[in-house]
Amino acid sequence: MSLHVPEPTRHTDVERVAGDLLPQAALLTRLLLRGVAPTLTRGESALLAAVEHEPRRVSELAAELAFAQPTVTQLVGRLEDRALLERSRDPHDGRAVRVSITASGRTALGDLRDAYRAVLREKLSDRSDAQVHALSAAVDVLEDLVDALRDERPA
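Now for a look at the structure at hand. (Residues numbered from 1 in each chain as written. Predicted model: local features only at pLDDT ≥ 70, side-chain atom pairs only at ≥ 80, totals over all residues. Heavy atoms only, no water.)

1. Considerations on the pattern of salt bridges
Quick reminder of the rule: Within this document, salt bridges are pairs made up of a side-chain nitrogen of Lys or Arg and a carboxyl oxygen of Asp or Glu, the two lying within 4 Å of each other. A run of H or I in DSSP becomes a helix once it reaches four residues, and a run of E becomes a strand once it reaches two; helices and strands are each numbered from the N terminus. Note on exposure labels: buried denotes an accessible area under 20% of the residue type's maximum, exposed denotes more than 50%, and partly exposed covers the range between, all computed with a 1.4 Å probe on protein chains only.
Taken as a whole, this structure holds 10 salt bridges when the rule is applied. A salt bridge links D93 to R57, with the nearest nitrogen and oxygen atoms 3.5 Å apart. Highlighted residues: D93 in strand β3 (residues 93-101) and R57 in strand β1 (residues 56-57), separated in sequence by 36 residues. With relative accessibility at 27%, the residue R57 sits in the partly exposed group. A salt bridge links R87 to E80; the nearest nitrogen and oxygen atoms lie 2.8 Å apart.

What follows is the structure in structure tokens.
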């Protein structure tokens, strides 16, 4: 007797993604960072990545990273003490402070990325071509989803 397993519907697939994507992505991030013995915490690396291309205000960083402003201020202080970030006055508003990455910060962020990419490459080498292709296609979908979510954020 064969057991009939119904094909997933779009609704069940959407519900699975809605329920499992974020927890699995967060777990993957934690496991990858644990596997590389990072010198940066997840919060620190997220903050460095957020200022990688342009200086940002602490309030902007708090909103983007979904951290409380005092948490971002603490992270900035820790990274500034390690010469990975620097603060400067906003040229458009002398009362505001902007945070920017230093050369050492770029190096630390690059080293962390290189380390977790190496772990991912190793783990992917054990996967089938079809699984690697499916993950590659999923990255395209995730990029589109990120772009859609960025377009919706308040100015």
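2. Details of a negative patch on the surface
What counts here: Patch definition: residues with relative accessible area over 30% and no salt bridge; like charges joined within 9 Å; nonpolar side chains (Val, Leu, Ile, Met, Phe, Trp, Tyr) joined within 5 Å. To be clear on the numbers: accessible area is Shrake-Rupley with a 1.4 Å probe, and residue cover counts the displayed protein chains and nothing else. Charge counting treats Lys and Arg as positive and Asp and Glu as negative, with His and both chain ends excluded. Think of each charge as sitting on NZ of Lys, CZ of Arg, CG of Asp or CD of Glu.
A contiguous patch of negative charge on the surface is contributed by D140, E143, D144, D147, D151 and E152. For D151, the position within the fold is in helix α6 (residues 129-152).

3. Quick word on unusual backbone geometry
Non-glycine residue A66 carries a positive phi angle of around 60°. Given the relative accessible area of 68%, A66 is considered exposed. Even without glycine at this site, A83 takes up a positive phi of about 65°. Within the element layout of this structure, A83 appears in the loop between α4 (69-81) and β2 (85-90).

4. Notes on the sheet that holds β2
Where we set the bar: Strand pairing is defined by DSSP finding a minimum of two bridges between the two strands.
Judged by pairing direction, the sheet is antiparallel, and its three strands sit side by side in the order β1-β3-β2 without closing on themselves. One side of each edge strand has no neighbouring strand; the edge strands of this open sheet are β1 and β2.

5. Quick look at the nonpolar core
Stated formally: Think of a nonpolar core as a cluster: buried Ala, Val, Leu, Ile, Met, Phe, Trp, Tyr and Cys residues, connected wherever their side-chain atoms sit within 4.5 Å. The contact criterion used is simple: two residues touch if any of their non-hydrogen atoms lie within 4.5 Å.
Counting 22 residues, the largest nonpolar core has L47, L48 and L85 as the members making the most contacts within it. At the level of secondary structure, the elements contributing two or more residues to this core comprise α2 (42-50), α3 (58-65), α4, β3 and α5 (103-124). What L47 contacts, discounting residues up to four positions off in sequence, is L61, L65, V72, L75, V76, L79 and L85.

6. Some thoughts on the pairing of β3
Relative to β3, β1 is paired through two bridges, and the arrangement is antiparallel. Opposite R57, over in β3, you have R98 as the bridge partner. Linkage of β2 to β3, two consecutive antiparallel strands, is achieved through a turn of two residues.

7. Side note on the environment of T12
Counting through the fold element by element, T12 comes out in helix α1 (residues 10-35). Separated by 23 residues in sequence, T12 and G35 place their C-alpha atoms 33 Å apart.

8. Quick word on the side chain of T102
The following threshold applies: Under the rule applied, a polar contact is a pair of N or O atoms within 3.5 Å (in protein, one hydrogen donor and one hydrogen acceptor; residues adjacent in sequence only if both atoms are side-chain atoms).
With respect to the secondary-structure elements, T102 resides in the loop between β3 and α5. For T102, a relative accessible area of 13% gives the class buried. Among the polar contacts listed, one links the side chain of T102 to the backbone oxygen of A83, at a separation of 2.6 Å. In this structure T102 touches A83, L84, L85 and E86, once residues within four positions along its chain are discounted.

9. A look at α5
Applied cut-off: Expected span of a helix: the number of residues minus one, times 1.5 Å. Each direction from the helix axis to a C-beta atom contributes to the arc, which is the arc of those directions.
For α5, with 22 residues, the first-to-last C-alpha span of 31 Å sits near the 32 Å given by 1.5 Å per residue. For α5, the complete set of buried residues consists of G105, A108, L109, L112 and R113. Down the axis of α5, the buried side of the element spans an arc of 130°, and every buried residue falls inside it. Opposite its buried face, α5 presents the exposed residues A103 and R121, each directed more than 90 degrees away.

Purely geometric numbers; function is a separate question.
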